[in-house]
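Structural overview
Each chain is listed here by its residues.
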Amino acid sequence: MTDIEELLTENLRLLRRGGIETSRQEMRLLLAYALDIPVNGLYFYDRPLTTEQRQKFVFAVKQRAEHCPVDKIIGRRGFYKYDFAVNRDVLSPRPDTEILVEEALKLLDKNRPFRLLEFGVGSGCIILSLLAECPLAAGVGIDFSAKALKVAELNARNLGVAERVSWYQLSWFDPNITTTQNGFDMIVSNPPYIPSAEIITLDAEVKDFDPLSALDGGEDGLRDYRRITEISAHMLADNGHLIFECGEGQADDVIRIALQNGFKSAVKAKDLNGIERCIILKK
């Protein structure tokens, strides 16, 4: 067994023995991070590990043993077609959220200019994926967290779309937010939607390492949907679309809120697990 295989096997066994649900692929990501090489490079890596490399790997494994998600350790996460920088200041992108990008692209014409707005950008994975796919589009991202916006700015530069997106540190509860800009063709948002009392029941990897502000949706989990649908009705162009992510069992409530705010139609789309995760609303 090679030096690398021994390290992977030994540390995977230790983590599982300690009750940490992880995989060999995750361990390979941690080791590639310690060696500063692409994960596929492990197949061809035949040099002895240096003391510094071993220490970096051991520290990464220690963080994983404390339930820190792998992406928060290595500082990046794949989403849709792209890699995004992440840290504890932003929600880790989830595969289920990719349905928002897929549904948005069905409605957007890549061959014409249009304007996008995202409420709650976090890492920027949604709006930046759309801008990367639509070279004539321009976007605006709004987030209350200055730290999150720094991560989004970095990702915009990495994807080569920084010149087509503007960032604003604002709360959507700001009474003047509808006067900032309007006439958007599409608004996208993955707002906080976990009811406050349920936060404590979440997995440690979520509640301890994702920002609380990106999780807590108020008493019933619908607080931010009420506000975003209200202001989006004023900020969208005629026939524009608002696309939401929502939690399991929330789709019908979100649609009801949107229709009360003047939206004309609503369509639901399911995620990879068959959950009604995405709501497409038309003004």
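The following refers to the structure shown. (Residues numbered from 1 in each chain as written. Predicted model: local features only at pLDDT ≥ 70, side-chain atom pairs only at ≥ 80, totals over all residues. Heavy atoms only, no water.)

This part covers the overall build of the protein. Scanning the protein for helices and strands turns up 10 helices and 9 strands. The C-alpha atoms of the protein give 21 Å as radius of gyration, which agrees with the globular expectation for 283 residues (19 Å, within 12%). Overall, the C-alpha framework of the protein stretches about 65 × 40 × 35 Å when taken along its three principal axes. The 283 residues of the protein split such that 50% are buried. By sequence separation, contacts in the protein at least 24 residues apart represent 64% of the contacts at least 6 residues apart. (Helix = DSSP H or I, 4+ residues; strand = E, 2+ residues; numbered from the N terminus. Rg over C-alpha atoms; globule rule 2.2 N^0.38 Å. Buried < 20%, exposed > 50% of the residue type's maximum accessible area, 1.4 Å probe, protein only. Contact = heavy atoms within 4.5 Å.)

This part is about helix α2 (residues 24-35). With 12 residues, α2 should cover 16 Å at 1.5 Å per step; its first-to-last C-alpha distance of 16 Å lies within 8% of that length. Within α2, burial applies to M27, R28, L30, L31, A32, A34 and L35. The inward-facing, buried residues of α2 abut α1 (3-17), α3 (51-65) and α4 (70-74). (Expected span 1.5 Å × (residues − 1).)

Once that is clear, we can look at the pattern of salt bridges. Enumeration over the complete set of coordinates arrives at 18 salt bridges. In this structure, R223 engages D224 in a salt bridge whose closest nitrogen and oxygen atoms are separated by 3.0 Å. A relative accessible area of 34% places R223 in the partly exposed class. A single network of salt bridges, built from pairs that share partners, joins E26, R64 and E205. (Salt bridge = Lys/Arg side-chain N within 4 Å of Asp/Glu carboxyl O.)

Next up on the list: the side chain of S232. Along the polypeptide, S232 turns up in helix α9 (residues 223-235). When near neighbours in sequence (up to four residues on either side) are disregarded, S232 contacts F119, I187, L242 and F263.

Turning to helix α10 (residues 251-260), a few remarks are in order. Taken together, the buried positions of α10 are occupied by A251, V254, I255, I257 and A258. Buried residues of α10, viewed axially, fall in a sector of 160°; they line one side. As for α10, its buried residues are in contact with α9, β7 (236-245), β8 (265-270) and β9 (276-282). Just downstream of α10, G262 is the residue with a positive phi angle, here 100°. (Arc of directions from axis to C-beta.)

Enumeration over the complete set of coordinates arrives at 4 aromatic pairs. Aromatic side chains Y80 and Y82 sit 6.4 Å apart centroid to centroid with 45° between the ring planes, which places their arrangement in the tilted category. Its relative accessible area of 24% is what places Y80 among the partly exposed residues. Here F119 and W172 contribute two aromatic rings whose centre-to-centre distance is 6.0 Å and whose plane-to-plane angle is 75°, an arrangement assigned as edge-to-face. Residue F119 is located in strand β3 (residues 115-119), and its partner W172 is located in the loop between β5 (165-169) and β6 (184-189); the two are separated by 53 residues in the primary sequence. The side chain of R28 reaches across the aromatic face of Y43, ending 4.4 Å from its centre. Over the aromatic face of Y33 sits the side chain of K56, whose NZ or CZ is 4.4 Å from the ring centroid. (Phe/Tyr/Trp six-rings, centres within 6.5 Å; stacked < 30°, edge-to-face > 60°. Lys NZ or Arg CZ within 6 Å of the ring centre and 35° of its normal.)

Looking at chain direction, strand β4 (residues 138-143) and β5 are connected through 5 bridges and run parallel. Its bridge partner lying in β5, V140 is registered against S166. Read from β4 through helix α7 (residues 146-159) to β5, the crossover connection turns out right-handed. (Pairing = 2+ DSSP bridges. Right-handed = clockwise from strand over helix to strand, strands pointing away.)

Attention now goes to the sheet that holds β8. What the 7 strands build is an open sheet, ordered β5-β4-β3-β6-β7-β9-β8; its pairing is mixed. In this open sheet, the two strands that pair with only one neighbour each are β5 and β8. The average angle at which neighbouring strand axes cross in this sheet is 15°, direction not considered. Note that β7 and β9 share 5 bridges and pair antiparallel. Across the sheet, the residue bridging to F244 is I279, located in β9. α7 contacts β4 and β5 of the sheet and is inclined by roughly 170° relative to β5. Along the sheet face, α9 touches β3, β6 and β7 and points at about 160° away from the line of β7. (Axes fitted to C-alpha atoms, helices over the stretch in contact; angles between N-to-C directions.)

Interpretation note: all reported values are geometric properties and have no functional meaning in isolation.
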